[in-house]
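As a plain string of letters, each chain reads:
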Amino acid sequence: MAADRRIVIENCAIATVDADDTEYASGHVVVAGNRIEAVGAGRAPENLENVVRRVDASGHLVTPGLVNTHHHFYQWITRGLATDHNLFDWLVALYPIWARIDEPMVYAAAQGSLAMMARGGVTTAMDHHYVHPEGAGDLSGAVIRAARETGVRFTLARGSMDRSEKDGGLPPDFAVETLEGALAATEATVDEHHDASFDAMVQVAVAPCSPFSVSTELLRQGAELARRKGVRLHTHGSETVEEEKFCHELFGMGPTDYFESSGWLGEDVWMAHCVHMNDSDIAAFARTRTGVAHCPSSNARLAAGIARVPDMLAAGVPVGLGVDGTASNESGELHTELRNAVLINRLGAHREAALNARQALRLGTYGGAQVLGRSAEIGSLEPGKLADLVLWRLDTLAHASIADPVTALVLGAAAPVTLSLVNGEPVVENGRLLHVDEEAVARSTRDEARRLARIAGRD
Ligand SMILES: [Zn+2]
């Protein structure tokens, strides 16, 4: 192989988020090809070969790229609706609209979601897509195409629903797939798109939606399918008191016991929310190394409650951050979740000791990599890992008077992204996406949102 081209970034603060939380007040990162070659204090050596770019990053903090662990891209075109509802009422209001989505809508919504995330420092995105109306087209293909075009690393959690109102579930009968149809389509998506290699840009997970929209059989057989294929499992769990009540009424047990009885606890599983967890639920997650996608803004927007993140971390549960779908978190930005994770957890039992800025940065980077099963590849700045990193500008009005760069990034306003690399390739420069026309995406998402509103009879 030809010698790798190198990118040198220097004169910047660095938060590596390695096991020791190593930081440098002024240091350098050397990228060779798609890997990190060196991280250290001071300037990089002058005599490196094949240096194609040397970045003077004075005034910046370099961190691992942010990793999003829970999202629903299609919701980009149904933002700002049912704004005063709890989860179940919000879902019942939105299901009939979501049941009318088609491939052009999902593609535009994915572009919008991905653009917003990438511009804000996300280098690994995910989409949990569980609405598959009959005849809607190749929705998984459309989402993956949008992710490849944006340039970010990506996990598609191929979702599904098969428990509708007639079976005691929450979604209307017309919004769900059959058990057999959901399993076959999920397996086909894994076969077509999942890449198991070290530096994969696209991976696929098996992701039935939630206990109240999925049959026990789909959970069981979905878990078997994922383990047969060697891919990860994802779903929603323990989000609200209403879900807890639903599980007790239908299954005679709480959500965590129900998941355990269906084969859904394990180190290959990560679950969104996990707000209503008692001590034994948290112990079960810790014992099985089941991961959690913490979504503080969405949990607040839908009045779901405060997840016990400090207790989960103390028990050893892997925890990452998620924006959740933008119908319940209209901003669609992950960097604001760093801040909200700190603020919202401090409203809980642990008060000011709940989470600090460095723990929040770890949740948004290494924690996310852990729950996506990729912590050997991404999530920290260490030699040999993939070059997914972000240069945050901290020397302007918004942050310049804050001495500690990690505090500035996490507790301050959303910091501008000067440069973001994914797999060693620039994706964002000076706040602008390099591979996507933001204005064109803004137009197409607006047009598709209007078309959906028209078709769904909201106009
Ligand atoms: Zn969700």
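Counting from 1, residues in each chain are numbered in the order their sequence is written. Only residues with pLDDT of at least 70 get local features here, since the model is predicted, and only at 80 or more are side-chain atom pairs given and counted; chain-wide, interface and lining totals rely on the full set of residues. With hydrogens and water excluded, all non-hydrogen atoms of the structure serve as input to the side-chain values.

## Description of the overall build of the protein
The following threshold applies: Secondary structure counts use DSSP, requiring at least four H or I residues in a row for a helix and at least two E residues in a row for a strand, with both numbered from the N terminus. With C-alpha atoms as the basis for the radius of gyration, the globule rule is written as 2.2 Å multiplied by the number of residues raised to the power 0.38. Think of it in three bands: residues with accessible area under 20% of the maximum for their type are buried, residues over 50% are exposed, and the middle band is partly exposed, with areas taken using a 1.4 Å probe on protein chains only. Contacts between residues were defined by any pair of non-hydrogen atoms, one from each residue, lying within 4.5 Å. For every accessible area listed, the method is Shrake-Rupley and the probe measures 1.4 Å; residues are considered covered only by the protein chains on display. By the counting rule applied here, Lys and Arg register as positive and Asp and Glu as negative, while His and the ends of each chain are not counted. A charged residue contributes its charge at one atom only: NZ of Lys, CZ of Arg, CG of Asp or CD of Glu.
Of the regular secondary structure elements, the protein holds 14 helices and 17 strands. Relative to the 2.2 N^0.38 estimate, which gives 23 Å for 459 residues, the radius of gyration of the protein is 21 Å and therefore close to what a compact globule would have. Counting only C-alpha atoms and orienting by the principal axes, one finds that the protein spans roughly 70 × 45 × 45 Å. Burial analysis of the protein (459 residues in total) assigns 61% to the buried set. Pairs at least 24 apart in sequence give 74% of the contacts found in the protein among residues at least 6 apart. Accessible surface, the protein as shown: approximately 16,700 Å² in total, 49% of it carbon and sulfur. Averaging the locations of the 40 positively and 61 negatively charged side chains of the protein gives two centres separated by 3 Å.

## Considering empty space enclosed by the protein
The criterion, for reference: A 1.4 Å probe that fits into a set of points on a 1 Å grid over the protein atoms alone but cannot get out defines a cavity; an open set with protein on both sides within 12 Å along at least five of seven lines defines a pocket, and lining residues are those with an atom within 4 Å of a point. Grid points are joined across faces, edges and corners, and a volume is the space filled by probe spheres set on the points.
Following the criterion strictly, the structure yields 2 cavities of 30 Å³ or more and no others. The volume enclosed by the largest cavity comes to roughly 120 Å³. The wall of the largest cavity is formed by 16 residues, among which L87, W90, L91, Y130 and H236 lie closest to the centre. With 4 residues, the top contributor of residues to the lining of the largest cavity is helix α1 (residues 87–98). When its volume is computed, the second largest cavity comes out at roughly 40 Å³.

## Comments concerning helix α14 (residues 438–455)
Residue pairs three or four apart in sequence face the same way in an α-helix, which turns once every 3.6 residues. Heads up, the rule is: For a helix, the expected span equals 1.5 Å multiplied by the residue count minus one. By construction, the arc corresponds to the directions joining the helix axis to the C-beta atoms.
Compared with an ideal rise of 1.5 Å per residue, which puts 18 residues at 26 Å, α14 spans 26 Å between its outermost C-alpha atoms and is within 8% of the ideal. What α14 keeps buried is the set E438, V441, T445, E448, L452 and A453. Angular distribution of buried residues about the axis of α14 spans 140 degrees; they occupy a single face of the element. The elements touched by buried residues of α14 are α1, α2 (103–119) and β17 (432–433). A positive backbone phi angle near 75 degrees is found at G457, which sits one or two residues after α14.

## Brief notes about the side chain of D281
The condition that has to hold: The term salt bridge refers to a pairing of a side-chain nitrogen on Lys or Arg with a carboxyl oxygen on Asp or Glu at a separation within 4 Å.
Tracing the backbone through its elements, the reader meets D281 in helix α8 (residues 279–288). Here D281 occupies a buried position and makes no salt bridge, while the nearest side chain of opposite charge, R308, is found at 7.1 Å. Discounting chain neighbours no more than four positions away, the residues touching D281 are T256 and H276.

## A look at the coordination of the zinc ion
For clarity, the threshold we go by: Atoms are scored as donors when they are N, O or S and lie within 2.8 Å of the metal, with 3.2 Å used for Na, K and Ca; no water is included, so coordination may look incomplete. Donor angles set the geometry label: tetrahedral for four donors if every angle is between 85 and 135 degrees, square planar for four and octahedral for six if opposite donors exceed 155 degrees and the others are between 65 and 115, irregular for anything else.
Protein-derived coordination of the zinc ion comes from H70 (NE2), H72 (NE2), H236 (NE2) and D324 (OD), at a distance range of 2.1 to 2.3 Å. One way to put it: the 4 donor atoms around the zinc ion meet at angles of 91 to 173 degrees, and that makes the site irregular. Spacing between the donor residues of the zinc ion along the chain follows H-x1-H-x163-H-x87-D. Of the two residues, H72 is situated in the loop between β6 (66–67) and α1 and D324 in the loop between β13 (319–321) and α11 (335–346); the sequence distance between them amounts to 252 residues. The same class applies to H72 and to D324, which are both buried.

## Here's the deal with the pattern of salt bridges
This structure, assessed with the given rule, holds 32 salt bridges. Between E260 and R287 there is a salt bridge, and its shortest N-O distance comes to 3.3 Å. A residue pair is termed long-range when its members are at least 10 positions apart, and E260 in helix α7 (residues 255–261) and R287 in helix α8 qualify at 27 residues. For R287, a relative accessible area of 56% corresponds to the exposed category. Overlapping salt bridges, with partners in common, bring together E10, R43, E46 and R54 in one network.

## Side note on the pairing of strand β15 (residues 417–422)
It is a general feature of regular strands that their side chains alternate between the two faces of the sheet. For clarity, the threshold we go by: Strands pair, by our definition, only if DSSP identifies at least two bridges between them.
With 6 of 6 residues buried, β15 is to be regarded as a mostly interior element. Judged from the 4 bridges that link them, β15 and strand β16 (residues 425–429) form a sheet pairing that is antiparallel. Residue pairing across strands places V422 opposite E425, the latter belonging to β16. Counting the residues that bridge the hairpin from β15 to β16 gives 2 residues, and of these N423 lies at a positive phi of roughly 55 degrees.

## What about the pairing of strand β5 (residues 60–64)?
Across the 5 residues of β5, 5 count as buried, placing the element largely inside the fold. Strand direction decides the pairing type here: strand β1 (residues 6–15) and β5, joined by 2 bridges, are parallel. Across the sheet, the residue bridging to I14 is V62, located in β5. Here β5 pairs with strand β14 (residues 389–393) via 5 bridges, running antiparallel. Bridging from a neighbouring strand, H60 pairs with R393 of β14.

## Concerning the packing of helix α4 (residues 179–193) against helix α5 (residues 216–229)
Keep this limit in mind: Lines fitted to the C-alpha atoms define the axes, with helices restricted to the stretch that makes contact. Angles between their N-to-C directions range from 0 to 180 degrees. When describing relative orientation, an angle under 35 degrees is termed roughly parallel and one over 145 degrees roughly antiparallel, while 65 to 115 degrees is termed roughly perpendicular and anything else oblique. Should the near helix be turned anticlockwise from the far one by less than a right angle, the crossing is termed left-handed; should it be turned clockwise, right-handed. When residues are grouped by polarity, Ala, Val, Leu, Ile, Met, Phe, Trp, Tyr, Cys and Pro land in nonpolar, Asp, Glu, Lys and Arg in charged, and all others, Gly among them, in polar.
Interhelical geometry of α4 versus α5 gives an angle of 20 degrees and a closest axis separation of 11 Å. Taken together, the axes of α4 and α5 are roughly parallel relative to one another. As for the relative orientation of α4 and α5, their crossing is right-handed in sense. Contact with α4, carried on its side by L179, A182, L183, T186, E187, V190 and D191, involves E217, L218, Q221, G222, L225, R228 and K229 of α5 and no other residues of that element. Residues that form the contact of α4 with α5 fall into these classes: 6 nonpolar, 3 polar and 5 charged.

## Thoughts on the layout of surface pockets
Computed from the structure, the largest pocket encloses a volume of approximately 210 Å³. Taken together, 16 residues form the lining of the largest pocket, with H194, Q203, R232, L372 and G373 sitting closest to its centre. Of all the elements, strand β9 (residues 202–208) adds the most residues to the lining of the largest pocket, at 3 residues. Across the lining of the largest pocket, the residue classes tally to 7 nonpolar, 6 polar and 3 charged.

## Points about the nonpolar core
For clarity, the cut-off: Definition of nonpolar core: a set of buried residues of the types Ala, Val, Leu, Ile, Met, Phe, Trp, Tyr and Cys, connected through side-chain atoms within 4.5 Å.
Residues W90, L91, W98 and M312 are the most contacted members of the largest nonpolar core, which totals 117 residues. Looking at which element gives the most residues to this core, the answer is α2, with 10 residues. When near neighbours in sequence (up to four residues on either side) are disregarded, M312 contacts C274, M277, I282, V292, A307, V317 and V319. Membership of the second largest hydrophobic core comes to 17 residues, among which are I9, V39, L381 and A387.

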